[in-house]
Amino acid sequence: MRIPCGAVTLSTNLFGEVSSFTVLRVSPATQEQVTGLLSLDGRPGVDWWTPPRVGAPADVMVSPEARDAVLQQMNSLGLQWEVLHSDLQQHNGVVDRELAAAQLAGRVAADAYIDNKRYFLYDEIEDYIKRVAENHPNRVKVHDIGRTFEGRRMLVVHVSNCPYCNYTAIWVDAGIHAREWIAPATALFALSQLAENETAHADMREQLDWYILVVANPDGYQFTHTTDRMWRKTRSTTSMPGCYGADPNRNFDFHWNEVGASKNPCSETFAGRNAFSEIEAKNIRTFLWDNRLKIKLYISYHSYGNFILYPWGYTAENPKDWQTLKSVAMKANEAMVRAGSEPYTIGSSTQTLYAAAGGSDDWAKGFAGIPLSYTIELPGYKFGFQLPTSYIDAVARQSFEGLRAFASEVKRLRAVNGPNLTVETRAFPRRTQQGRAQAPPTTRAFGRL
Ligand code: 0X9
Ligand code: ZN
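Small disclaimer: the values here were computed from a predicted structure and weren't measured.

Reading the values: the criteria
- Residues numbered from 1 in each chain as written.
- Chains lettered and ligands numbered in written order.
- Predicted model: local features only at pLDDT ≥ 70, side-chain atom pairs only at ≥ 80, totals over all residues.
- Heavy atoms only, no water.
- Near = heavy atom within 4 Å.
- Polar contact = N/O pair within 3.5 Å; in protein donor to acceptor, adjacent residues only side chain to side chain.
- Areas by Shrake-Rupley, 256 points an atom, 1.4 Å probe, with all protein chains shown as cover.
- 1 Å grid on protein atoms, 1.4 Å probe; cavity = no way out; pocket = protein on both sides within 12 Å on 5 of 7 lines; lining within 4 Å.
- Sits in = over half its atoms within 2 Å of the grid points.
- Helix = DSSP H or I, 4+ residues; strand = E, 2+ residues; numbered from the N terminus.
- Phe/Tyr/Trp six-rings, centres within 6.5 Å; stacked < 30°, edge-to-face > 60°.
- Buried < 20%, exposed > 50% of the residue type's maximum accessible area, 1.4 Å probe, protein only.
- Lys NZ or Arg CZ within 6 Å of the ring centre and 35° of its normal.
- Donors = N, O, S within 2.8 Å, 3.2 Å for Na, K, Ca; no water.
- Pairing = 2+ DSSP bridges.
- Axes fitted to C-alpha atoms, helices over the stretch in contact; angles between N-to-C directions.
- Right-handed = clockwise from strand over helix to strand, strands pointing away.
- Parallel < 35°, antiparallel > 145°, perpendicular 65-115°, else oblique.
- Left-handed = near helix turned anticlockwise from the far one by under 90°.
- Contact = heavy atoms within 4.5 Å.
- Nonpolar A, V, L, I, M, F, W, Y, C, P; charged D, E, K, R; others polar.
- Expected span 1.5 Å × (residues − 1).
- Points joined across faces, edges and corners; volume = space filled by probe spheres on them.
- Domains from an automatic or database assignment.

Asks: Sorry, what's going on with the site of ligand 1 here?
Replies: Every one of the 17 residues lining ligand 1 counts as a neighbour, but Arg232, Arg250, Tyr354, Asp361 and Glu377 are closest to it. Residue His177 places a side-chain N or O atom 3.3 Å away from an oxygen atom belonging to ligand 1. The side chain of Arg232 places a nitrogen or oxygen atom 2.6 Å from an oxygen atom of ligand 1. Notes on ligand 1: free accessible area 420 Å², of which the protein chains cover 98%. Counting atoms within 2 Å of the grid points, the majority share of ligand 1 lands in the largest cavity. Of all the secondary structure elements, the ones that give two or more residues to the shell around ligand 1 are β9 (295-303) and α11 (360-366).

The structure is reproduced here in structure tokens:
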């Protein structure tokens with residue numbers, strides 16, 4: 001529910017103080033207002049859920065302690081604000097109670113499809129992946145791509161009719177931002193359908209390999225279940241006591257930290273102490289790099305806002321093959337709308353959302369040379385990151401139809417344009433890049449026609 005500014009809106013304690021986190025929405029109309037709002041970034045208790053840009057609504061979560069300063073700044077910029085959530089802890093409570101009840105109802109039964117009834121804990125997802133690999137040894141292989149900062153395993157699931165055939169591949173990851181729970185739920189459903197549904201989806205499995213990383217930021221994801229539902233970043237230690245983690249989607253080494261990222265470890269968009277400082281981003285990089293010649297489509301699920309974004313996030317310029325990127329996204333959007341989804345806005349990250357460098361999608365295309373690369377911002381409806389469990393099934397199924405369309409476009413482009421799919425061939429890696437990406441690939445991977 002949106003409560004207009006001016007009404008009695010914020011929950012207060014006995015002393016009349018605002019006692020819980022609130023989420024405010026402002027719509028800056030000028031660049032000065034955007035700059036003024038952005039000056040609040042990095043301040044403790046200020047978390048931009050959607051960063052400010054001219055002519056678009058921006059949502060910010062504010063702690064009770066930061067509230068006065070934020071409202072003062074908005075007032076001095078001449079901005080009206082409205083309250084999206086007046087009491088976030090209470091709202092969190094609803095989700096948490098739902099989760100606890102579902103937890104009691106039992107863990108995923110072996111061999112059952114993911115039923116989209118709740119959000120799973122990381123160890124449940126890990127258990128499910130192991131079980132699915134055991135139950136479908138001819139179709140499912142699991143790659144352990146490394147440990148997280150806190151020591152969790154990162155598992156990429158390879159689903160294929162012929163795991164050693166080296167078909168053209170599609171990569172799907174989700175949950176690089178911890179609090180975006182609908183993203184792992186969507187990827188998990190896709191995995192379960194592709195791996196376990198024997199009778200359907202032959203079209204998606206034929207002559208294609210799928211690599212699915214259900215949770216790209218496991219430490220952060222776990223932290224959102226145990227401690228702070230709104231956590232976004234990794235959980236690594238930083239140079240600032242009390243400030244943890246970097247934004248993994250600002251940590252990839254492609255125009256790293258040039259725009260839309262912060263050097264402040266306390267910021268929600270901290271780019272990291274250097275590119276690939278985060279082990280999770282590094283693990284993903286290594287796997288993508290090793291398989292870069294066969295992966296032709298990179299998809300990263302995020303939330304929220306119904307966007308299909310293609311590169312670049314580091315510049316307002318379009319990639320040379322943007323028309324292909326756009327037309328493929330349009331097919332996916334049409335398929336999702338046919339399945340009942342609200343439409344997605346399609347465009348380049350910078351032009352459509354905001355400029356932000358160091359994203360995995362930019363790296364996948366710009367450095368690894370994966371021709372089709374997308375960030376998909378799943379729906380939040382009026383709930384933002386805290387999409388109730390009752391929405392999971394529809395979002396996951398609609399998104400799966402989007403994946404079906406993506407898969408068919410990959411095959412179509414492969415037939416028309418050959419293995420590079422788009423007219424632009426891959427950009428050659430910069431010599432200056434640090435680390436393993438410079439090394440020759442450790443696996444031999446060739447896209448199969
Ligand atoms: O800011 C992000 O990382 C993504 N939005 S989110 O609200 N899920 O945090 C958008 C990323 C788009 N891609 C790039 N900027 N490279
Ligand atoms: Zn995100």
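Asks: It is not clear to me how the packing of aromatic side chains should be interpreted in this structure. Could you clarify?
Replies: Ring pairs (aromatic) are described by centroid distance and by the angle formed between their planes. Enumeration over the complete set of coordinates arrives at 20 aromatic pairs. Aromatic side chains Trp171 and Phe287 sit 5.8 Å apart centroid to centroid with 40 degrees between the ring planes, which places their arrangement in the tilted category. Taken together, the positions of Trp171 in strand β7 (residues 169-174) and Phe287 in helix α8 (residues 279-290) put the pair 116 residues apart, joining distant regions of the chain. Taking the centre distance of 5.1 Å and the plane angle of 50 degrees together, the rings of Tyr374 and Phe406 count as tilted. With Tyr374 in strand β12 (residues 372-378) and Phe406 in helix α12 (residues 392-417), the pair connects residues that are 32 residues apart, well separated along the chain. You can call Phe406 buried: its relative accessible area is 2%. Over the ring of Trp231 we find Arg235, and its NZ or CZ is 4.6 Å from the ring centre.

Asks: Where do I start with the coordination of the zinc ion (ligand 2) in this structure?
Replies: Every protein donor of the zinc ion (ligand 2) is listed here as His177 (ND1), Glu180 (OE), Glu180 (OE) and His302 (ND1), and their distances to the metal cover 2.0 to 2.3 Å. The sequence motif formed by the donor residues of the zinc ion (ligand 2) is H-x2-E-x121-H. Assigned by exposure class, His177 and Glu180 land together as buried.

Asks: Please explain the sheet that holds strand β8 (residues 209-213) as it appears in this structure.
Replies: Strands sit in the order β5-β6-β8-β7-β9-β12-β10-β11 across an open sheet of eight strands; the sheet is mixed. If you trace the sheet from one side to the other, it starts and ends with β5 (140-147) and β11 (345-348), each paired once. On average, adjacent strands in this sheet sit at an angle of 20 degrees to one another, irrespective of strand direction. The pairing of β5 with strand β6 (residues 153-159) spans seven bridges and is classified as antiparallel. Counterpart to Val140 in the pairing with β6 is Val159.

Asks: Would you mind going over the pairing of strand β10 (residues 307-310) with me for this structure?
Replies: Regular strands show a simple pattern: their side chains alternate between the two faces of the sheet. With burial as the criterion, each face of β10 is covered, one bearing Phe307 and Leu309 and the other bearing Ile308 and Tyr310. Across four bridges, the pairing between β10 and β11 is parallel. For Leu309, the partnering residue across the bridge sits in β11 and is Gly347. What joins β10 to β11 is helix α9 (residues 322-338), and the crossover it makes is right-handed. In the sheet, β10 pairs with β12 via three bridges, with the strands oriented antiparallel. Paired with Ile308 across the strands is Ile376, a residue of β12.

Asks: Looking at this model, I keep getting lost on the packing of α9 against α12. Mind explaining?
Replies: Each pair of packed helices gets described by two things: the angle between the helix axes and the distance between those axes. Look at α9 against α12: their axes get within 7 Å of each other, and the N-to-C directions meet at 140 degrees. Relative to α12, the element α9 is oriented oblique. In this structure, α9 meets α12 at a crossing whose hand is right-handed. Seen from α9, the contacting residues are Thr324, Val328, Lys331, Ala332, Ala335 and Met336; seen from α12, they are Gln398, Ser399, Glu401, Gly402, Ala405, Phe406, Glu409 and Leu413. Looking at the contact of α9 with α12, its residues break down into seven nonpolar, four polar and three charged.

Asks: Sorry, what's going on with helix α5 (residues 182-196) here?
Replies: The α-helix advances 3.6 residues per turn, and as a result positions three or four apart in sequence lie on the same side. With 15 residues, α5 ought to run about 21 Å at 1.5 Å a step, and its terminal C-alpha atoms sit 21 Å apart, in line with that. Burial analysis of α5 places 15 of its 15 residues in the buried class, which makes it a mostly covered element.

Asks: Got a minute to help me understand the environment of Ala357 in this structure?
Replies: Checked against the element boundaries, Ala357 lands in the loop between α10 (349-352) and α11. The spatial distance from the C-alpha of Ala357 to the C-alpha of Asp253 is 9.0 Å, given a sequence separation of 104 residues. Discounting residues that sit within four places of it in the chain, Ala357 has contacts with Asn249, Arg250, His255, Asn257, Glu258, Val259, Gly313 and Tyr314.

Asks: Just checking my understanding: could you explain empty space enclosed by the protein for this structure?
Replies: As enumerated under the stated definition, the model contains three cavities of 30 Å³ or more in all. The computed volume of the largest cavity comes to approximately 270 Å³. Of all the elements in the fold, those that place two or more residues in the lining of the largest cavity are β9 and β12. Tallied by class, the residues present in the lining of the largest cavity amount to eight nonpolar, nine polar and five charged. Formed jointly, the lining of the largest cavity draws a minimum of three residues from each of two domains, domain 1 (22-86) and domain 2 (122-446). Reported here for the second largest cavity is a volume of approximately 70 Å³. Ile114, Asn116, Arg118, Tyr119, Phe120, Ile125, Trp181, Pro184, Ala185, Leu188, Tyr221 and Ile392 together form the lining of the second largest cavity. A per-element tally of the lining of the second largest cavity places α5 first, with three residues.

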